[in-house]
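Residues per chain, in single letters:
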Amino acid sequence: MAGSAQTPRGVNHLVLNVRDLEASHRFWTEIIGFRCVAELKPRPDRTIKMRFYSGVDERGDVNHHDLALMQVSGDPAAPPEPWTLEARRPGVNHVAIQYPDRETWLKQVEFLQAKGVTFHRRINHGMTHSVYVSDPDGHGIEVLYELPREVWGDDIDGAQNYAERLPTEGPEALVDATDYPVFGKEKAHAV
Ligand SMILES: [Fe+2]
């Protein structure tokens, strides 16, 4: 009997195909901060090289995986495409990585800049403050912290339609304002 679709809880994990598993492992652990929680063991019947990564929740628990990396069997020397937010071809546009709070995010953004990671864009959205970088294969990565639900919960559409472009270089790239616009029944206003 045809019923209606069940509403899912949300996105559970993402798998990226990568050219060099070791290089990507270093990026996703040392630069982005995930923990590697599992790896497929070699078996005679499979040649897949794959590792699994998780963030950590308030209690210190890890998920089975938020992200997995699988090494591609094609030409690893092929250069990656430079990332852009514009959708130029089908495929993954970006992976959004959420840090637990604003303070942690600010430290992470400062760390990224200190490591020389290029900020492709920096945008204050209505529901997140975000920096867009890319991994060694050119996968887009949005490094974000989520704003309190009170500012976007009453008007997700309004919050999604709000975007403020910010500087991506120098000390200005590390400045984060907290006068979050509030979206709701009435016109957006600053808190
Ligand atoms: Fe995003």
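Our structure's up above, just so we're on the same page.
Residues numbered from 1 in each chain as written. Predicted model: local features only at pLDDT ≥ 70, side-chain atom pairs only at ≥ 80, totals over all residues. Heavy atoms only, no water.

Points about the coordination of the iron ion
Protein ligation of the iron ion involves His 94 (NE2) and Glu 142 (OE), the donor distances falling in the range 2.0 to 2.2 Å. Taken together, the positions of His 94 in strand E5 (residues 94-98) and Glu 142 in strand E8 (residues 140-146) put the pair 48 residues apart, joining distant regions of the chain. With relative accessibility at 30%, the residue His 94 sits in the partly exposed group. (Donors = N, O, S within 2.8 Å, 3.2 Å for Na, K, Ca; no water. Helix = DSSP H or I, 4+ residues; strand = E, 2+ residues; numbered from the N terminus. Buried < 20%, exposed > 50% of the residue type's maximum accessible area, 1.4 Å probe, protein only.)

A look at helix H2 (residues 102-114)
Here H2 is 13 residues long and its end C-alpha atoms lie 18 Å apart, about the 18 Å a rise of 1.5 Å per residue gives. Taken together, the buried positions of H2 are occupied by Trp 105, Gln 108, Val 109 and Leu 112. An end-on view of H2 places all buried positions within 100° of arc, on one side of the element. Turned more than 90 degrees away from the buried face of H2, the exposed residues are Lys 107 and Ala 114. Considering only its buried residues, H2 is in contact with helix H1 (21-31), strand E6 (121-125), strand E7 (128-134) and E8. Backbone geometry just after H2 places Gly 116 at a positive phi near 80°. (Expected span 1.5 Å × (residues − 1). Arc of directions from axis to C-beta. Contact = heavy atoms within 4.5 Å.)

A look at the sheet that holds E8
With respect to topology, 5 strands assemble into an open sheet ordered E5-E8-E7-E6-E9, the strand pairing being mixed. Strands at the two margins of the open sheet, each flanked by one partner only, are E5 and strand E9 (163-165). Across the sheet, the mean angle from the axis of one strand to that of its neighbour is 25°, orientation sign disregarded. Examined bridge by bridge, E7 and E8 share 7 bridges and lie antiparallel to one another. Among the inter-strand pairings, Val 133 is bridged to a residue of E8, identified as Ile 141. Sheet strands in contact with H2 are E6, E7 and E8, and its direction is about 150° off that of E8. (Pairing = 2+ DSSP bridges. Axes fitted to C-alpha atoms, helices over the stretch in contact; angles between N-to-C directions.)

Points about the nonpolar core
Within the largest apolar cluster, 33 residues are counted, with the highest numbers of intra-cluster contacts made by Trp 28, Ile 32, Leu 69, Ile 97, Val 133, Ile 141 and Val 143. If you list the elements that add at least two residues to this core, you get strand E1 (14-18), H1, strand E4 (67-71), E5, H2, E7, E8 and helix H3 (149-152). For this core, the element with the highest residue contribution is H1, accounting for 4 residues. In terms of domain composition, this core takes at least three residues from each of domain 1 (11-73) and domain 2 (93-191). Excluding residues that lie within four positions of it along the chain, Leu 69 makes contacts with Leu 16, Val 18, Leu 21, Ser 24, His 25, Trp 28, Lys 49, Met 50, Arg 51 and Tyr 53. (Core = buried A, V, L, I, M, F, W, Y, C linked by side-chain atoms within 4.5 Å. Domains from an automatic or database assignment.)

Regarding the packing of aromatic side chains
Describing an aromatic ring pair means giving the distance of the ring centres and the angle of the ring planes. Under the criterion given, the structure shown has 5 aromatic pairs. Between the aromatic rings of Trp 83 and Tyr 132, the centroid separation amounts to 5.8 Å while the plane-to-plane angle is 10°, which identifies the pairing as stacked. Of this pair, Trp 83 sits in the loop between E4 and E5 while Tyr 132 sits in strand E7; the two residues are 49 residues apart in sequence, bridging distant segments of the chain. For Trp 83, a relative accessible area of 10% translates into the label buried. Seen in terms of ring centroids, Trp 105 and Tyr 145 are 5.0 Å apart; in terms of plane orientation they differ by 55°. Their pairing is tilted. In this pair, Trp 105 is assigned in helix H2 and Tyr 145 in strand E8, connecting sequence segments 40 residues apart. Take Trp 105 and Tyr 145: they sit in the same class, and that class is buried. Aromatic ring contacts, followed pair by pair, group Phe 27, Trp 28 and Phe 34 into a single cluster. (Phe/Tyr/Trp six-rings, centres within 6.5 Å; stacked < 30°, edge-to-face > 60°.)

Nothing here speaks to function; it is geometry throughout.
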